[in-house]
Amino acid sequence: MWIKRTLTLTVWLLLGCSMQAGVNHQVRPEADRIGLTAEGKDKTLVLAQDGKTDYVIAQSVNASPSEQYAATELQKFLKEISGAEFPVITDDKPLQPCEIILGQNKHLAKLLNSCEMGNESSKSVPDFIGTRSGATKQSDEVVASVSEAIPLDCHGLRPRNALAGGLPRSLRSLAMTEGGVSQEFTMLGDEGFTIQTVGNYLIIAGGRRRGTMYGVYTFLEEYLGCRWFTSKVSRIPKNQTLRIGPLNNTQRPVFEYREDFYADAFDGAWAARNKLNSSNANLGQQQGGRIVYHPWAHTFYLLVPPEKYFKDHPEYYSEHNGKRFYENGQLCLTNPDVLKIAIAQVKQWIKERPDVNIVPVSQNDAGGWCECADCAALDEKEGSHSATIINFVNQVAQAIEPEYPDVVIDTFAYQYSRKPPRTIKPRHNVIVRLCSIECCCAHPLDGCPVSENTSFVEDLKGWAKLHNRIYIWNYVTNFAHYIMPFPNFDVLAPNIRLFAKYNVRGVFEQGNSSGYGEFAELRAYVIAKLLWNPDYDPLIAINEFMDGYYGKAGPAIRKYLGIIHDKVAKDNIHLGIYNPPIMPYLTNQIIQQAVQYFDEAEGLAENAEPQHPDGYRDDRSVGDEVRWRVRMARLPVMYVQIVTTPYSRLDPKLTAGFFEVVDHYYISRIAESREMQVFRQALQNPFLGIRAPSEDADEFVWRRPGRDKLRCHPIRARILNRICLPGQFGRRGRFKTGRHYY
């Protein structure tokens, strides 16, 4: 069970904490034998002794922005750890006796061209081994998650030829000219890297866009014990003496696109340190930039706006029963004029954003596909409504390729279009983004018998056979109740491993992008680890985060997470992304036990200020911040208590405490489509804005201030009717009458 695994790992972590600071806590235990404290027959490098160092950091005089940033970051954190100042030099200076060589430069070329590689002074670099889903262990080598994915060129997402034979077995093959150029380094792609020790030298080198930078963060994390839990809270060990043993660690990500869609994950420094290239993160050029989507998604009506065309050209839009419409509809994808307009608009978008990597040509967030004779015939022939979409998108992609060969067109396989067509294959410059919105979030996608999950896995397999450029849009939060307990930690790793198994090339994990939510920072941290290495053990990240973020209160909060996950597993409860806070895992007994655990956690929370990696602090970082974090973790339990208690019996202290935390963290939204202020007003006057229910007593009309009316459903008929629950998929739906609504 979840809690048993947690307690086992907790013991392991406590033992690790008694060791010297900086010991690696990664998933591969062999790393401990070659970390800071490694001693033995093989020579160790002493990077710092008693707060002093003989080492310099060497980079190319023509270093890329991210390589320059990597040197600055390495220098900064090495000083913070050891107190030693590591000078940064460029490769126009002579090779020094002791260097940390960053990136492809002349010093690396000299070293590799003058050393006989493959002898006892250095272990060989492993091939790219195993499958896309796994980190593979080889004796005493450190081998992280590696991939057979086609590397990407540094401008965008245009694939190169696949590797033939994998990475060579020695750094000899990475030897470069005196100008610091190595064709072999292209095999690492933009983001791969190698960490090697050769004699007195430590080499961290990889792809010039992000690879060397990722290598630096991996070195700091896996060998020196650094952790960046959130954008403001990190763990940087203190150790004046730094020793490393013979290192051999080559990594390249399984996924070319890794998006962690949480507000805190948008911080550029945090995203870079956790090796995310998110399209929504604030990643500057010094961090290798980001993958640029423009515009974002659901673009059919941005391509052909109905307010501009529908009056004179209704034939551009969906047809049903012989009538054309655009409300909750789509485009007529077999109309040649629609194609011409769409191609012109895509080219205009690219001109507006010359840095764009991916342009979405994707269906609206609605049903209403076109049923005209031509569209219906193609869909029927191919056995899926995706046929007209892929056929249309292929033509757009073909039209833009001569002028914009590095730009890729993205489209959805979403709801009505999720099933792949029989024969129409997406072009090489098309990304198909498969969406899992219907699926159960409490069980692995391939380990749950509900039809929504089994059909999704079948569709994933089908697309994988049809195309090699599949992305996933996955859902990891409750969009109707951001703060409600959402026990899905057990499925994060299995689902990401499933995506890797079927050669998915990019993953977008949609969480709460508008601010704080239920364990938002923890999920963002765990997901980041898994997106880089799908075989990473998430319990390591969870336990390290609990200890680093909550301190002494961490074990009590772990117990709370354990009871709700165990309840879901024991009773085989299914979980959707719009479920109400009266789910079967939120029984009175569970909530009462959770209250006890959080009482314990608040009593254990120590006074501490978070570490700020960038020296940033604000008024909220002063004082008893750990206790505030514990209270934020408790907020989901308080939310359930509030919304499931009759208004007349609500404890004013409970609601006051809830909004005290909300105000402390500036939480602005209670749900994807609902502001926190509306919830606050509902508690002050639960009947404000509610019209009499419709005849079947199942629906209410919610008059939102300053907005259109929203037809929705109450969670409970007698309690806080303003806390509404939309139908399945966020649309109008039917629920049980009576006291509870599902």
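Residues numbered from 1 in each chain as written. Predicted model: local features only at pLDDT ≥ 70, side-chain atom pairs only at ≥ 80, totals over all residues. Heavy atoms only, no water.

### A closer look at the packing of aromatic side chains
For the structure on display, the rule yields 39 aromatic pairs. Between Phe300 and Phe392, the ring centres sit 6.4 Å apart and the planes meet at 75°, which makes this aromatic pair edge-to-face. One end of the pair, Phe300, is in helix 6 (residues 300-303); the other, Phe392, is in helix 10 (residues 386-400), with 92 residues separating them in the sequence. An identical accessibility class is assigned to Phe300 and Phe392; each is buried. Here a set of aromatic residues connected by ring pairs shows up, and it is made of Tyr257, Phe261, Phe266, Tyr293, Trp296, Phe412, Tyr414, Tyr471, Trp473 and Phe508. One residue, Lys275, lies across the ring of Trp532, its end atom 5.4 Å from the ring centre. (Phe/Tyr/Trp six-rings, centres within 6.5 Å; stacked < 30°, edge-to-face > 60°. Helix = DSSP H or I, 4+ residues; strand = E, 2+ residues; numbered from the N terminus. Buried < 20%, exposed > 50% of the residue type's maximum accessible area, 1.4 Å probe, protein only. Lys NZ or Arg CZ within 6 Å of the ring centre and 35° of its normal.)

### Looking at the side chain of Ser64
With respect to the helices and strands, the residue Ser64 is situated in the loop between strand 2 (56-59) and helix 2 (65-82). Engagement of the side chain of Ser64 in a polar contact is seen with the backbone oxygen of Arg208, the distance being 2.7 Å. (Polar contact = N/O pair within 3.5 Å; in protein donor to acceptor, adjacent residues only side chain to side chain.)

### Re the environment of Gly383
By secondary structure assignment, the location of Gly383 is in the loop between helix 9 (373-382) and helix 10. A sequence separation of 40 residues divides Gly383 from Thr423, and the C-alpha atoms of the two residues are 9.6 Å apart. Apart from the residues within four sequence positions on either side, Gly383 is in contact with Lys419 and Arg422. (Contact = heavy atoms within 4.5 Å.)

### Notes on the pairing of strand 11 (residues 248-251)
Because side chains alternate across strand 11, one face comprises the buried residues Asn248 and Thr250, and the other comprises Asn249 and Gln251, equally buried. Sheet topology note: the strand 6 (residues 193-198)/strand 11 ladder contains four bridges and is antiparallel. Note on strand 11: the bridge partner recorded for Gln196 is Asn248. (Pairing = 2+ DSSP bridges.)

### Regarding the environment of Val292
Assignment of secondary structure puts Val292 in the loop between helix 5 (268-273) and helix 6. Residues Val292 and Asp355, spaced 63 residues apart in sequence, show a C-alpha to C-alpha distance of 6.9 Å. Residues in contact with Val292, not counting those within four places in the same chain, are Arg353, Asp355, Val356, Asn357 and Ile358.

### Examining the nonpolar core
The biggest cluster of nonpolar side chains holds 203 residues, and the ones touching the most others in it are Phe219, Leu220 and Phe658. Top element by residues in this core is helix 17 (residues 625-643). It accounts for twelve residues. Beyond its immediate sequence surroundings of up to four residues, Leu220 is in contact with Leu74, Phe77, Leu78, Ile81, Gly225, Cys226 and Trp228. Membership of the second largest hydrophobic core comes to eight residues, among which are Leu112, Val198, Tyr201 and Ala205. (Core = buried A, V, L, I, M, F, W, Y, C linked by side-chain atoms within 4.5 Å.)

### Concerning helix 9
Listing the buried residues of helix 9 in full gives Cys375, Leu378, Asp379 and Glu382. Here the buried residues of helix 9 occupy an arc of 95° about the axis, which is enough to place them on one side. Residues of helix 9 that are exposed and point over 90 degrees away from its buried face: Ala373, Glu380 and Lys381. Each element contacted by the buried residues of helix 9 is listed here: helix 10. Following helix 9 by one or two positions, Gly383 adopts a phi angle in the positive range, close to 75°. (Arc of directions from axis to C-beta.)

### Overview of the side chain of Ser362
With respect to the helices, strands and loops of the structure, Ser362 is situated in the loop between strand 15 (358-360) and helix 9. By relative accessible area, which is 0% here, Ser362 ends up buried. The residues touching Ser362, leaving out its near neighbours within four places in the chain, are Ala297, His298, Thr299, Phe300, Asp410, Thr411 and Phe412.

### Side note on the environment of Asn357
Following the sequence through the fold, Asn357 ends up in the loop between helix 8 (336-352) and strand 15. The spacing of Asn357 and Ile409 is 52 residues in sequence and 8.7 Å in space, taken between C-alpha atoms. A distance of 2.7 Å separates a polar side-chain atom of Asn357 from the backbone nitrogen of Val292.

### Here's the deal with the packing of helix 18 (residues 652-664) against helix 19 (residues 676-684)
Two numbers describe how helix 18 lies on helix 19: the axes approach to 12 Å, and their chain directions differ by 165°. Between helix 18 and helix 19, the crossing angle belongs to the class labelled roughly antiparallel. For the crossing formed where helix 18 meets helix 19, the hand is left-handed. Residues Thr655, Phe658, Phe659, Val662 and Asp663 of helix 18 touch helix 19, and the partners they reach there are Met676, Phe679, Arg680 and Leu683. Of the residues belonging to the contact of helix 18 with helix 19, the class tally is six nonpolar, one polar and two charged. (Axes fitted to C-alpha atoms, helices over the stretch in contact; angles between N-to-C directions. Parallel < 35°, antiparallel > 145°, perpendicular 65-115°, else oblique. Left-handed = near helix turned anticlockwise from the far one by under 90°. Nonpolar A, V, L, I, M, F, W, Y, C, P; charged D, E, K, R; others polar.)

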